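Fold and contact review
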Amino acid sequence: MNVSYHVFKDYTVRSATAGSDEDIAALQGAEAKRVRRLRYSFVTSVYHSKRKLLYLGATNTGGDILVAFNPSSGKFKSLGFGKWKARRDGDVKIHKGMCLDTDNDRLYFGTATLDPLPKLIGKPGGLLAYCDLRTGLFHSLGRPLEGVFFQSTCWDIERGLVYLFTDRCDFAVYDFRRRVLLCRETMESIPHNSCLDDAGGVWGTYGPGKHGFFRYNGNKRKFEFPKCELPNAMDAANIQYPGAGPIDGMINGGDGYLYIGTALGELCRLDPCRNKIAYLGKPFPTRRLPGLMVGADGFLYVCGGYRPHSYLARYDRERGTFETLGQIRHADGNWIEYAHEIVEAQGGIYALETDNMTRGGYLWECSL
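The text that follows walks through the structure, step by step, so that each part is easy to find. (Residues numbered from 1 in each chain as written. Predicted model: local features only at pLDDT ≥ 70, side-chain atom pairs only at ≥ 80, totals over all residues. Heavy atoms only, no water.)

Some remarks on the environment of L145
Of note, L145 is situated in the loop between strand 9 (137-142) and strand 10 (150-156). Exposure remark for L145: the relative accessible area of 2% places this residue in the buried category. Linking L145 and F213, residues 68 residues apart in sequence, is a C-alpha distance of 23 Å. Not counting chain neighbours up to four residues away, the residues in contact with L145 comprise G125, G126, F150, L164, T166, A172, L181 and R184. (Helix = DSSP H or I, 4+ residues; strand = E, 2+ residues; numbered from the N terminus. Buried < 20%, exposed > 50% of the residue type's maximum accessible area, 1.4 Å probe, protein only. Contact = heavy atoms within 4.5 Å.)

Thoughts on the nonpolar core
Counting residues in hydrophobic clusters, the biggest one holds 18 residues, and the most contacted among them are Y55, L66, L79, M98, L107, F109 and F138. The set of elements that each furnish at least two residues to this core consists of strand 4 (66-70), strand 7 (106-110) and strand 8 (128-132). Excluding its chain neighbours within four sequence positions, the residues that come into contact with M98 are T44, S45, V46, Y55, L56, G57, L66, L107, Y108 and F109. (Core = buried A, V, L, I, M, F, W, Y, C linked by side-chain atoms within 4.5 Å.)

Some remarks on the packing of aromatic side chains
To describe a pair of aromatic rings, one takes the distance between the centres and the angle between the planes. A full pass over the atoms with the stated rule returns 31 aromatic pairs. Ring centres 6.3 Å apart and planes at 15° place the aromatic pair F223 and F225 in the stacked group. On the accessibility criterion, F223 (26% relative accessible area) is partly exposed. In this structure an aromatic cluster arises from ring pairing among Y163, F165, F171, Y206, F214, Y216, F223 and F225. When the ring centre of Y257 is taken as reference, the NZ or CZ atom of R269 above it lies at 4.6 Å. Positioned above the aromatic ring of Y362 is the side chain of R359, whose terminal nitrogen or guanidinium carbon lies 3.9 Å from the ring centre. (Phe/Tyr/Trp six-rings, centres within 6.5 Å; stacked < 30°, edge-to-face > 60°. Lys NZ or Arg CZ within 6 Å of the ring centre and 35° of its normal.)

Some words on the pairing of strand 21 (residues 291-294)
Across four bridges, the pairing between strand 21 and strand 22 (residues 300-306) is antiparallel. Along strand 22, the bridge assignment pairs L292 with V302. Remark: five residues form the turn of the hairpin made by strand 21 and strand 22, two consecutive strands paired antiparallel; G298 in that turn has positive phi of roughly 90°. (Pairing = 2+ DSSP bridges.)

Some thoughts on unusual backbone geometry
Geometrically, the link from R307 to P308 is a cis peptide bond, its omega value of -10° lying close to zero. Residues other than glycine seldom take positive phi values, yet D105 does so here, at roughly 55°. With respect to the helices and strands, D105 occurs in the loop between strand 6 (99-101) and strand 7. The class for D105 is buried, based on a relative accessible area of 11%.

What to know about the pairing of strand 11 (residues 161-166)
Counting buried residues in strand 11 gives six out of six residues, a clear majority hidden from the surface. Two elements, strand 10 and strand 11, share six bridges in a ladder whose sense is antiparallel. Looking at the pairing, T153 lines up with L164 of strand 11. A loop of four residues connects strand 10 with strand 11, the two strands running antiparallel in sequence, and G160 in this loop sits at a positive phi of about 70°. Summarising the sheet, strand 11 and strand 12 (residues 170-175) pair through five bridges and their orientation is antiparallel. Each residue of the ladder has a partner; that of V162, found in strand 12, is Y174. Linking two consecutive strands that pair antiparallel, namely strand 11 and strand 12, is a turn of three residues; a positive phi of about 65° is found at C169 within it.

Quick look at helix 2 (residues 29-38)
Helical periodicity: at 3.6 residues per turn, an α-helix aligns residues three or four positions apart in one direction. Looking only at helix 2, the buried set comprises E31, A32 and V35. Taken around the axis of helix 2, the buried residues stretch over an arc of 100°, which confines them to a single face. On its buried face, helix 2 is in contact with helix 1 (21-25). (Arc of directions from axis to C-beta.)

Topic: the sheet that holds strand 17 (residues 247-252)
Sheet strands line up and pair through hydrogen bonds in the backbone, either parallel or antiparallel. Here we have four strands laid out as an open sheet, ordered 17-18-19-20, and antiparallel in their pairing. Pairing within the sheet leaves two strands with one partner each, and these edge strands are strand 17 and strand 20 (276-281). Across this sheet, the average inter-strand angle for adjacent strands is 25°, counted without regard to direction. The pairing of strand 18 (residues 258-262) with strand 19 (residues 267-271) spans four bridges and is antiparallel. (Axes fitted to C-alpha atoms, helices over the stretch in contact; angles between N-to-C directions.)

Here we look at the sheet that holds strand 6
With antiparallel pairing, the four strands of this open sheet are ordered in space as 6-7-8-9. The open sheet has two free edges, formed respectively by strand 6 and strand 9, since each of these has just one partner strand. Direction aside, neighbouring strands of the sheet carry axes that sit 25° apart on average. Two strands pair when backbone bridges link them, and strand 7 and strand 8 are joined in this way by five bridges, in the antiparallel orientation. Note on strand 8: the bridge partner recorded for R106 is D132.

Take a look at the structure:
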């Protein structure tokens, strides 16, 4: 595996080493101003095959949180969200769940924040919006929840619904066409991200002492609680952050199954029709498995690990075997500290880096 990386803007923090983007966002004075201008982490992505552009949701305290990358030229371009009048100071991240509506050429997303709880109470919450890629203009879909932002959004374009997983472990359903909040429940557990099954149900976790599954039926507009559990669910909980459930990554595999990476670095397969869980294995020696994607070759690619050992591997779904492709590390000595997501674009696999303790996050390209 050949590894290279692409840099949009970069800044190395001069203060004492921090542990996360939240720590760095709390910096004050002149350094905070430099961080606003120059420090980015990349956390979510979609590839637009017609435009041949990779759209990247970023973390940036200046609010410049949507960037396009051209794999052919290696050049980045800001989409200008930070200058939009509807943006507020707390809108500094698109954490998980950006969605491309190819029929209408729109990019849907919700905003996350780095602000601590005392700054959020009684204030407007996260923004739901879309970018019209034909015009480059942003359009607001509202701020449906006061005082909370969105760790993950899961968009059902067909039904006009967006499922919201908040930084306070709420789950909410919002009809983004009618601008109506359909429900909001505190689940006391939250997946890193979620996805739809083939029947239009969205999956999440509930209960701090259980981290069991719930399924919200988008057709019937009601909750279901399947009797299936992830192996080692309690051990995998609270690793990402307090309150986080065991799910570190989840995708629809296009073969009738949902695939789940856990915070322990384990890969599982969920059969949403039979409510059955299969343990597939642990591809890396380290914890964390947030990066999942189905490649054009049919393999399931998985990416995980943490400081400084992040790996890329693939899983052969027919044979049930893993192949480790290597660490995401460059020959110049740089490595990816924390791979938050992976995406395929024009034959390359790109890993998005976040929460580097000193420098900004890079976009890492892995060629096989």
